[in-house]
Amino acid sequence: MTRHFSFLALAAAAVVACEPNRGIADPDASVAASLQAKRTVYTLTNQTSGNEVAVFTRAPNGTLTAAGTYSTGGTGTGGGLGSQGAVVLSHDGSWLFAVNAGSHDVSVFRVREGGLSLASRTPSGGTQPTSVTVYGNVVYVLNAGGDGNITGFTLSLTGALTPIAGSTRSLSGTTTAPAQVEFSPDGRQLIVAERATNLLDVFPVDVRGVAGERTSFASAGGTPFGFAFGPRDLVFVSEAAAPGSASSYTLGRGGDLQVVSAAVLTHQGAPCWAVVTGDGRFGYTGNAAGSVSGFAIGADGSIRLLNADGATAVVTGGGVNDIALSTDSRYLYVLQTGANPAIHAYRVQRDGQLEPLGPVAGLPAGTRGLAAL
């Protein structure tokens, strides 16, 4: 049964050719924005002097070219965010959402053919927002500062965010070090990864977009960090605790998480970020020590390493701080941090192996977050 969160979502569905409940856009901007976003990669400069979205266009062969920066109007932290999902796109590529962890707010951009246009900047409902997720016209923000919480908003046709009454929910405690919030593919659940407590929180979401009471599940591996959804209710989770691992789960309609593969070692340092290809055949973890581990995913959700040593790709010259797949899953992008931050491009081969295409540099230290279409 398809759910509709508000009249705005219904109105948007009537004027744009996009998947129901998967993002809203005005009819004039939709086609151009979609074409632009399908070959674009975004990251956040995260500077204390002023946060910006850095934009890179993708050539047909997957390589990137810098295409300018756009001020969020807020500020960053200048350093680590400890999160996945600091910058995300709506499913149709019409809107981009960016956290401003230094000024405790969230910026919304309209994606246009010529670049980005700042639509709104809104307090996050807490302090130090580090992760954001969107389903239809409902947006949830993970606030990592203070006691931590998740807070929901509705997205208007003009890009404004309005807090949803009663949507703010606490996490399992006051020092949870949360890393990511993400909607399930059907929008019925939200998951939050808590690094410090080794918990995965599941919140039901009702038809008004209001998150319900939390249920917490013990992570199969230590320090759950990033995660990604796949077909057949798959949840693929990276686990940063030494020696480093990844686990797979199935998410039931009632919100139960069932372990399929528990703590499969990557043999690489600190796997923190996770993605799954659109066909559900492969998952990848971005390892802070400077590598990417590829996993084959079985029809039952089980996972196994593609390479015995876990090093499907090695990033030289610095550590890894995020990864993102293009919409068609043909290309994987890896954010390298360190003395010379860069984004590395890889072509995803039929067997899941990664062919390096080269980096694009010129980013400031402190750059965080990665999104691609």
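## Here we look at the sheet that holds strand β18 (residues 234-239)
Here is step 1: Read from one edge of the open sheet, 4 strands run β17-β18-β19-β20, paired in antiparallel fashion. Two strands in the sheet have a free side with no partner beyond their single neighbour: β17 (224-230) and β20 (257-265). For this sheet, the mean inter-axis angle between neighbouring strands, taken without regard to orientation, is 20°.
Here is step 2: Inspection of the sheet shows strand β19 (residues 245-251) paired to β20 by 6 bridges, in the antiparallel sense. Bridging across to β20, Ser 245 finds its partner in Leu 265.

## What to know about the environment of Phe 203
Here is step 1: Mapping Phe 203 onto the fold places it in strand β15 (residues 199-204).
Here is step 2: According to the relative accessible area criterion, Phe 203 is buried, its value standing at 0%.
Here is step 3: Between the C-alpha atom of Phe 203 and that of Arg 169, which follows or precedes it by 34 residues, the distance is 8.8 Å.
Here is step 4: When neighbours within four sequence positions are excluded, Phe 203 is seen to be in contact with Ile 150, Arg 169, Ser 170, Leu 171, Arg 188, Gln 189, Leu 190, Val 192, Ala 211, Gly 212, Glu 213 and Arg 214.

## Focus on the confidence of the model for the chain
Here is step 1: Mean pLDDT over the chain: 90, with 90% of residues reaching 70 or higher.
Here is step 2: Counting contacts from residues 1-37, a segment whose pLDDT is below 50, to residues more than four positions away or on other chains yields 78 contacts.

## Considering unusual backbone geometry
Here is step 1: Of the consecutive residues Ala 242 and Pro 243, the connecting peptide bond is found in the cis state with omega at 5°.
Here is step 2: Not every positive phi belongs to a glycine, and Asn 198 is a case in point at roughly 60°.
Here is step 3: Mapped onto the fold, Asn 198 is located in the loop between β14 (189-194) and β15.
Here is step 4: For Asn 198, a relative accessible area of 33% corresponds to the partly exposed category.
Here is step 5: Even without a glycine there, the phi angle at Ser 329 is positive, about 60°.
Here is step 6: Relative to the assigned elements, Ser 329 resides in the loop between β26 (319-325) and β27 (331-337).
Here is step 7: Owing to a relative accessible area of 14%, Ser 329 belongs among the buried residues under this scheme.

## What to know about the nonpolar core
In summary, soluble globular proteins display a tendency toward joint burial of nonpolar side chains.
Here is step 1: Counting 29 residues, the largest nonpolar core has Tyr 42, Val 53, Leu 96, Phe 97 and Val 139 as its most contacted members.
Here is step 2: The element contributing the most residues to this core is strand β5 (residues 95-100), with 5 residues.
Here is step 3: Phe 282, Tyr 284, Val 348 and Leu 354 belong to the second-largest nonpolar core, a separate cluster that totals 21 residues.

## Focus on the sheet that holds strand β1 (residues 40-44)
Here is step 1: Spatially, 4 strands are ordered β3-β2-β1-β30 in an open sheet, and the strand pairing comes out antiparallel. With partners counted over all chains shown, the strands left at the sheet margins are β3 (64-71) and β30 (368-372), one partner each. Going across the sheet, the axis of each strand differs from the next one's by a mean of 20°, ignoring polarity.
Here is step 2: Bridge count for β1 against strand β2 (residues 52-58) is 5 bridges, and the pairing is antiparallel.

## A closer look at the packing of aromatic side chains
Here is step 1: Summed over the entire model, instances satisfying the criterion amount to 5 aromatic pairs.
Here is step 2: With a centroid separation of 5.5 Å and 65° between ring planes, the pair formed by Phe 236 and Phe 295 is classed as edge-to-face. Residue Phe 236 is located in strand β18, and its partner Phe 295 is located in strand β23 (residues 291-297); the two are separated by 59 residues in the primary sequence. The pair Phe 236 / Phe 295 is uniform in exposure class, with both members buried.
Here is step 3: Here a set of aromatic residues connected by ring pairs shows up, and it is made of Tyr 135, Tyr 140 and Phe 183.

## Details of the pattern of salt bridges
Here is step 1: Counted according to the given criterion, the structure contains 4 salt bridges.
Here is step 2: For Arg 121, the salt bridge goes to Asp 105, with nearest N and O atoms at 2.9 Å. Taken together, the residues Arg 121 in strand β7 (residues 115-123) and Asp 105 in strand β6 (residues 105-112) connect sequence positions 16 residues apart.
Here is step 3: Classification of Arg 121 by relative accessible area gives partly exposed; the value is 43%.
Here is step 4: Among the ionic pairs, Asp 206 bridges to Arg 208, the shortest N-O distance being 2.8 Å.
Here is step 5: By relative accessible area, which is 25% here, Asp 206 ends up partly exposed.
Here is step 6: Look at Arg 208 and you get exposed, because its relative accessible area is 55%.

Parameters at a glance
Residues numbered from 1 in each chain as written. Predicted model: local features only at pLDDT ≥ 70, side-chain atom pairs only at ≥ 80, totals over all residues. Heavy atoms only, no water. Pairing = 2+ DSSP bridges. Helix = DSSP H or I, 4+ residues; strand = E, 2+ residues; numbered from the N terminus. Axes fitted to C-alpha atoms, helices over the stretch in contact; angles between N-to-C directions. Buried < 20%, exposed > 50% of the residue type's maximum accessible area, 1.4 Å probe, protein only. Contact = heavy atoms within 4.5 Å. pLDDT = per-residue confidence, 0-100. Core = buried A, V, L, I, M, F, W, Y, C linked by side-chain atoms within 4.5 Å. Phe/Tyr/Trp six-rings, centres within 6.5 Å; stacked < 30°, edge-to-face > 60°. Salt bridge = Lys/Arg side-chain N within 4 Å of Asp/Glu carboxyl O.

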